Structure formats: structure tokens, C-alpha cells
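# A closer look at the structure
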Amino acid sequence: MPTPRFLTLDDVAEVLNVSWSQAYALVRRRELIAIQIGGRGQWRVEVDELERFIQRKYAEARAGAVPAAEELASADAPPAGGDAEAETPAEAGPVRGRRTRR
């Protein structure tokens, strides 16, 4: 049997080891190019498009587009010196666009 040309979002989620919702979000944000087949939202991703997406993500990581672990740690640290008190997460309020667990 020949290798299929198109993958479902379930297939994409499995390859990337993410949830279906995360795969769908990549398509919605147009980070991953997909086509819609039929009127019921049947999304298909071409195997070559998925490979290009993966290679692009590796290129971004190599170029430093993804912060290194030590940069993440320093970003979470309070500012050195300075007289102003840092806002605590409770004082800052909810972050828009993110769902929090309850």
C-alpha cells in the first residue's frame, strides 16, 4: 500500500505528540498549512507540509528563536536592584487569552 499523501489532525497530533486541540490550533494560526475537505471541517495536512513545519521549527530553535533554559530562568527572576516592588501574580490579575485550571 502506498504512503498516504494527506494526514488527519489526529495523525498530525500523533506525529507531533500533542493533543488534537494543539494540532488544530497550529492550523488555525496558520503555522501549519492544511486544507479543509467537505463542509464538516475535515482538515487534511499534506505529509510534505508537516515535514516542512518540523524543519522550520528546528531552524527556529537553531537560530535562537526559542529561548534557552537559562534565559527562561533569568526572565522569571525578580529585577536586580531597583526600588519598585515586583508585582506578584495575584496582584497582576488574570492573563488574557489563557485558560486557567480551577
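Just so it is clear, the structure is predicted and the values come from calculations on it, not from any experiment.

About the criteria used
Residues numbered from 1 in each chain as written. Predicted model: local features only at pLDDT ≥ 70, side-chain atom pairs only at ≥ 80, totals over all residues. Heavy atoms only, no water. Axes fitted to C-alpha atoms, helices over the stretch in contact; angles between N-to-C directions. Helix = DSSP H or I, 4+ residues; strand = E, 2+ residues; numbered from the N terminus. Parallel < 35°, antiparallel > 145°, perpendicular 65-115°, else oblique. Contact = heavy atoms within 4.5 Å. Buried < 20%, exposed > 50% of the residue type's maximum accessible area, 1.4 Å probe, protein only. Pairing = 2+ DSSP bridges.

### Details of the packing of helix α1 (residues 9-16) against helix α2 (residues 20-28)
Two numbers describe how α1 lies on α2: the axes approach to 8 Å, and their chain directions differ by 105°. In terms of orientation, α1 and α2 fall into the roughly perpendicular class. In this structure, α1 uses Leu 9, Asp 10, Val 12, Ala 13 and Leu 16 to contact α2, whose residues at the interface are Trp 20, Ala 23, Tyr 24, Leu 26 and Val 27.

### Re α2
The complete set of buried residues in α2 reads Ala 23, Ala 25, Leu 26 and Val 27. Of the residues trailing α2, Arg 30 is marked for its positive phi of about 65°.

### Notes on the sheet that holds strand β1 (residues 6-7)
Taken together, 3 strands build an open sheet; the order of strands is β1-β3-β2 and the sheet is antiparallel. Each edge of the open sheet is held by one strand with a lone partner, namely β1 and β2 (35-37). Pairing of β2 with strand β3 (residues 42-46) involves 3 bridges; the strand directions are antiparallel. For Ile 35, the partnering residue across the bridge sits in β3 and is Arg 44. In the packing of helix α3 (residues 47-62) onto the sheet, the strands contacted are β1 and β3, and the crossing angle to β3 comes to about 70°.

Taken by themselves, the reported measurements are silent on function.
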